[in-house]
Amino acid sequence: MLKPARLIVGDTVAIVSPSWGGPSIFPHIYENGLEALKDLGLKIKEFPTARAQDRFLFENPRVRAKDINDAFADKEVKAIFASIGGDDSIRILPFLDPVIIKKNPKILTGYSDTTTLLTYINHMGLVTYNGPSVMAGFSQFNAFPESFGLHVQEMLFDPQDKYEYRSFGVYCDGYPDWRNPENIGKTNELKPDDGWHFLQGTGAISGELYGGSIEVLEILNGTDFWAKKEFWSGKILFLETSEDEPPVQRVKRMLRNYGMQGIFDHVTAVLFGRPRGYTDEAKAEFDRMVVEVIDGEFGKKNIPIMSNMDFGHTDPQFILPLGVRAEIDCEAKIFRLLESPVQ
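Just so you know, these numbers come straight off a predicted model, no measurement behind them. Every chain's residues receive numbers from 1 upward, in the order its sequence appears when written. Since the coordinates come from a predicted model, pLDDT governs what is reported: local features require at least 70, and pairs of side-chain atoms require 80 or more to be given and counted, while whole-chain, interface and lining totals use all residues. The side-chain values count all of the structure's non-hydrogen atoms but skip hydrogen atoms and water molecules.

What is the right way to read the packing of helix 9 (residues 248-260) against helix 10 (residues 280-297) from this model?
Packed helices, taken two at a time, are described by the angle their axes make and the gap between the axes. One way to put it is that helix 9 packs onto helix 10 with a least axis distance of 10 Å and a crossing angle of 20°. What the angle tells us is that helix 9 and helix 10 run roughly parallel. Where helix 9 crosses over helix 10, the two elements pack in a sense that is right-handed. In this structure, helix 9 uses Val 248, Gln 249, Val 251, Lys 252, Leu 255 and Arg 256 to contact helix 10, whose residues at the interface are Ala 282, Glu 285, Phe 286, Met 289, Val 290, Glu 292, Val 293 and Glu 297. Any residue that is not Ala, Val, Leu, Ile, Met, Phe, Trp, Tyr, Cys, Pro, Asp, Glu, Lys or Arg is counted as polar, Gly included; the first ten are nonpolar and the last four charged. Here the residues of the contact of helix 9 with helix 10 sort into eight nonpolar, one polar and five charged. Axis angles are defined between N-to-C directions and span 0 to 180 degrees, where every axis is a line fitted to C-alpha atoms and, for a helix, only to the segment in contact. In this text, helices come from DSSP runs of H or I with a minimum length of four residues, and strands from runs of E with a minimum of two, each type numbered from the N-terminal end. Roughly parallel refers to an angle under 35 degrees, roughly antiparallel to one over 145, roughly perpendicular to one between 65 and 115, and oblique to any angle outside these ranges. Two helices crossing with the near one rotated counterclockwise from the far one by less than a right angle form a left-handed crossing, whereas a clockwise rotation gives a right-handed crossing. Should any heavy atoms of two residues lie within 4.5 Å, those residues are counted as being in contact.

Please explain the sheet that holds strand 11 (residues 235-240) as it appears in this structure.
Two strands in a sheet stick together by hydrogen bonds in their backbones, pointing the same way (parallel) or opposite ways (antiparallel). Judged by pairing direction, the sheet is mixed, and its eight strands sit side by side in the order 6-16-15-10-11-12-13-9 without closing on themselves. The open sheet terminates on both sides in strands that have one partner only, identified here as strand 6 (163-164) and strand 9 (197-200). Examined bridge by bridge, strand 11 and strand 12 (residues 269-273) share four bridges and lie parallel to one another. Each bridged residue has a counterpart across the sheet, and for Leu 237 the counterpart in strand 12 is Val 270. Strand contacts of helix 10: strand 9, strand 12 and strand 13 (305-309), with the helix running at about 30° to strand 9, the strand carrying the most contacts. Following DSSP output, two strands are said to pair if at least two bridges run between them.

Before we go on, may I ask you to explain the sheet that holds strand 14 (residues 320-322) in this structure?
Strand order in this open sheet of six strands is 2-1-3-4-5-14, and the pairing throughout is mixed. Two strands bound the open sheet, and with one partner strand each, they are strand 2 (43-46) and strand 14. Going across the sheet, the axis of each strand differs from the next one's by a mean of 25°, ignoring polarity. Here strand 1 (residues 12-16) pairs with strand 3 (residues 77-82) via five bridges, running parallel. From the neighbouring strand, Ala 14 faces strand 3, where its bridge partner is Ile 80. Running over the sheet, helix 6 (residues 115-123) touches strand 4 (107-110), strand 5 (128-130) and strand 14 and is turned about 150° from strand 5.

What is the right way to read the side chain of Thr 116 from this model?
Turning to its location among the elements, Thr 116 is positioned in helix 6. The definition of a polar contact used here is a pair of N or O atoms within 3.5 Å, where within protein one atom must be able to donate a hydrogen and the other to accept one, and adjacent residues in sequence count solely through side-chain atom pairs. Polar contacts involving the side chain of Thr 116 include one to the side chain of Ser 89, which spans 2.4 Å. Here Asp 113 takes part through its backbone oxygen, which lies 3.0 Å from a polar atom of the side chain of Thr 116. Non-local contacts of Thr 116, meaning those with residues more than four positions away in its chain, are made with Ser 89, Ile 90, Leu 93, Val 216 and Leu 220.

So what exactly am I meant to see when it comes to the environment of Leu 7 here?
With respect to the helices and strands, the residue Leu 7 is situated in the segment before strand 1. We call a residue buried when its accessible area falls under 20% of the maximum for its residue type, exposed when it is over 50%, and partly exposed in between, using a 1.4 Å probe and counting protein chains only. Take Leu 7: its relative accessible area is 0%, and that puts it in the buried class. A C-alpha to C-alpha distance of 31 Å links Leu 7 and Phe 58, two positions 51 residues apart in sequence. The residues contacting Leu 7, other than those within four sequence positions of it, are Val 13, Leu 42, Lys 78, Ala 79, Ile 107, Leu 156 and Phe 157.

Looking at this structure, how should I read the pattern of salt bridges?
Oppositely charged side chains may form a pair once their charged atoms are brought near each other. One side-chain nitrogen of Lys or Arg within 4 Å of one carboxyl oxygen of Asp or Glu is enough to make a salt bridge. This structure, assessed with the given rule, holds 21 salt bridges. Note that Asp 74 and Lys 45 form a salt bridge whose closest N and O atoms lie 2.5 Å from each other. Here the residue Asp 74 occupies a position in the loop between helix 4 (61-73) and strand 3, and Lys 45 occupies one in strand 2, the gap between them amounting to 29 residues. Note that Glu 76 is salt-bridged to Lys 45, the shortest N-O span being 3.1 Å. One end of the pair, Glu 76, is in the loop between helix 4 and strand 3; the other, Lys 45, is in strand 2, and 31 residues separate them in sequence. Within the structure, one salt-bridge network assembled from shared partners comprises Glu 31, Glu 46 and Arg 51.

How do you make sense of unusual backbone geometry when you look at a structure like this?
In terms of backbone geometry, most residues other than glycine have negative phi values and most peptide bonds are trans. Each neighbour pair has its own omega, and for Asp 315 with Pro 316 the value is -10°, a cis peptide bond. Residue Ser 112 is not a glycine yet carries a positive backbone phi of 60°. Within the fold, Ser 112 resides in the loop between strand 4 and helix 6. With a relative accessible area of 10%, Ser 112 lands in the buried category. The backbone of Lys 333 sits at a positive phi, close to 55°, despite the residue not being glycine. Tracing the chain through its elements places Lys 333 in the loop between strand 15 (325-329) and strand 16 (334-337). Here Lys 333 falls in the partly exposed class, since its relative accessible area comes to 49%.

Just geometry here; none of it tells us what the structure is for.
Put into structure tokens, the structure is as follows:
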């Protein structure tokens, strides 16, 4: 896998809107996210889609794809940040230029609907980064514990040869009404977290990280942009649910599809992000369900399964590099990277 260079203070980063035109609707939330990136020592270069009207973006997938191609081709740009997610970025994938992208590996980060870009470009052989977006994650930077800022530094600026993930200890389900300017930079109540749930598995296993939003992956499923069967071999699959709060039984049917494709025959482990908006009872039902499907329906008793992890649509969230080798130690209850996430 090709890794991009790490960020250094003074680097220029591109801002693009590959999905929803959120910055045009809530510019105060967007601009606060830009300030957080500037506080990290980064220079901002907004590409044409960054503040474009939502309707324009929806009607012009080629324009959105051009911004991605141009950002990769731009020698000044060292990383590309998605402004926010959405629901139709799959429409831009046919217009991406693999030659340009592969010649210019750069940090590309976002989550939710950005899963389409992260997975497709990862299929090209580049490491990509499932993590916070400008409006959802970076805009609330100062509301999170200091460990979140340290995590961003250690993942993108000061990489280590090995990196151990640790729970942030608190989390929030979303943000107060963005229409109210008084809510800039704020989150909903930060609640104590009860930690990761090790649902099954023994010993230590390793594999390459791969995954994203399970609902967005369902949009990709069956298209030319879905991973071929051999691609899944040796992967640690990570999945998270969106702010739509899909019912447990709906997620169950999605996982059953993975089983019927033979994906659980190939992956080495499955990780689940903390479901946003679920009650404690629903989270317990979710945990029972994933074991029931992976073990009960498909007989994969030895695949480590972890849930309630710090990624996805609750905050703060981890940066998970697709294509980087990681390890799960079920006995020591450790999740770590086995190599640097960037050069």
